[in-house]
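Observations on chain architecture
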Amino acid sequence: MHRYPGPAAALLAGLLALTTACSAPSGGADAAPPATAAPSSGSGSPGTSYAPYVNATRASGLDSAGSPAVYNLAFVISDGSACTPLWHGVTAVTDAAAVSRVRALTDGGAAVRVSFGGAAGTELAATCDSAPALARAYGEALDAAGATRADFDIEGEALTDSASLALRSEAIALLQRERPGLQVSFTLPVMPDGLDAAALALLASANRADVQVSTVNIMTMNYAESYDGDMGDYALAAARAAHAQLRRIFGTSDATAWKALALTSMLGVNDVGGETFTLQDAAQVRAFAAEKGIGWVSVWASFRDRPCAPGASSDDPATNCSGVRQEAGAFAEALSG
């Protein structure tokens, strides 16, 4: 997902265990081979939650739009050298202002999910030298936020770094053994024809390490300049293709695979020219998610859910506004249903 400018009411019905390793052929809806899965016990309510990405250290007046059930706190990474979890690679996760910011988000009853990684900076798995050290770093961030949900947004070079990929899987499995009930999601790039070979390889790595995965969150955005059609249609195509892959990876039912899927769109103007996700697209995605019983929908990001001010030099539709005609908070309202 895009870097920052400057630096759900329901849990899933249960965690899904990836119990058989999958290979990583080329991407597309037919890329994942058969596998088996065993749902583990868990609590939750039916329905599709709304869980936007928010800046973990900087409040926005739009954070509460749509009454989110869960906030995705973006992003914990390293400073590029040490095995120390930092918000945006610069702010300690125990920083008093950051802790107060998270507390303010949860005061209304919402939960938080700590998101590790993202498009910018260095994910902790690239700087920590052992699985126990990496697990401790992840745990420190979770404890500081009071979170029992961890999201791993793996994209770009991090997605093809086999060493950090294996270390991360081992660390997450260790963390889950230490913290029974920890919910883990992977946020991965997707194309309209599904998850690619690198994303499937990540799931295979998690599988081998016995990571218990609750959700695969696909980023329905930033495909390529050749994808200049309807972004809502592309999002639905990607969801259908990924769902077919998850059924094979998890070896589970149609309904459970839908529940194990999440969709994150980049509202308004995307980073790729010709791609604009509109309010009509948001309504289309929400209706589809509710119909299929998708676990949650999200958006990058709450602080962009507003129109750009005409002629304002400080406004950038790729970072702090949508670049489309809208009322403030309109995407949140559309996606929250």
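Whatever comes next refers back to the structure up there.
If you're wondering where the values come from, they're calculated on a predicted model, not measured in any experiment. (Residues numbered from 1 in each chain as written. Predicted model: local features only at pLDDT ≥ 70, side-chain atom pairs only at ≥ 80, totals over all residues. Heavy atoms only, no water.)

So, about the overall build of the protein chain. If you tally the helices and strands in the protein chain, you get 8 helices and 16 strands. Residues counted as buried form 57% of the 337 residues belonging to the protein chain. When the accessible area of the protein chain is evaluated, it comes to approximately 12,400 Å², of which 51% is carbon and sulfur surface. (Helix = DSSP H or I, 4+ residues; strand = E, 2+ residues; numbered from the N terminus. Buried < 20%, exposed > 50% of the residue type's maximum accessible area, 1.4 Å probe, protein only. Areas by Shrake-Rupley, 256 points an atom, 1.4 Å probe, with all protein chains shown as cover.)

Further remarks concern the state of the cysteines. What the rule picks out here adds up to 2 disulfides. With its sulfur 1.9 Å from that of its partner, C83 forms a disulfide with C128. Classification of the bridge connecting C83 and C128 rests on its S-S torsion, roughly 90°, and on that basis the disulfide is right-handed. Taken together, the residues span a long stretch of sequence, with C83 in the loop between β5 (70-77) and β6 (86-87) and C128 in the loop between β8 (111-117) and α2 (131-145) at a distance of 45 residues. Here C308 is linked by a disulfide to C321, with a sulfur-sulfur distance of 1.9 Å. Measuring handedness by torsion sign, the sulfur bridge of C308 and C321 sits at about 90° and is right-handed. Here C308 is found in the loop between β16 (296-300) and α8 (330-336), whereas its partner C321 is found in the loop between β16 and α8, with 13 residues between them in sequence. (Disulfide = S-S within 2.5 Å.)

Let's shift gears to the pairing of β16. Counting buried residues in β16 gives 5 out of 5 residues, a clear majority hidden from the surface. Across 5 bridges, strand β13 (residues 261-266) lies against β16 in parallel orientation. Bridged to A262 within β16 is W296. (Pairing = 2+ DSSP bridges.)

We now examine the pattern of salt bridges. Going through the model one piece at a time under the given rule, you end up with 5 salt bridges. Put simply, D254 and R247 hold a salt bridge, and the shortest N to O gap is 3.8 Å. Classification of D254 as partly exposed rests on a relative accessible area of 37%. Judged by its relative accessible area of 36%, R247 is partly exposed. (Salt bridge = Lys/Arg side-chain N within 4 Å of Asp/Glu carboxyl O.)

The terminal C-alpha atoms of α2, which comprises 15 residues, lie 21 Å apart, in line with the 21 Å expected from a rise of 1.5 Å per residue. Counting buried residues along α2, 11 of its 15 residues qualify, which places the element largely inside the surrounding structure. Taken as a whole, α2 has its buried residues at A131, A133, L134, A135, A137, Y138, G139, A141, L142, A144 and A145. Buried residues along α2 sit in contact with β5, α1 (96-106), β8, β9 (149-153) and α3 (162-178). Looking one or two places after α2, you find G146, whose phi comes out positive at around 65°. (Expected span 1.5 Å × (residues − 1). Contact = heavy atoms within 4.5 Å.)

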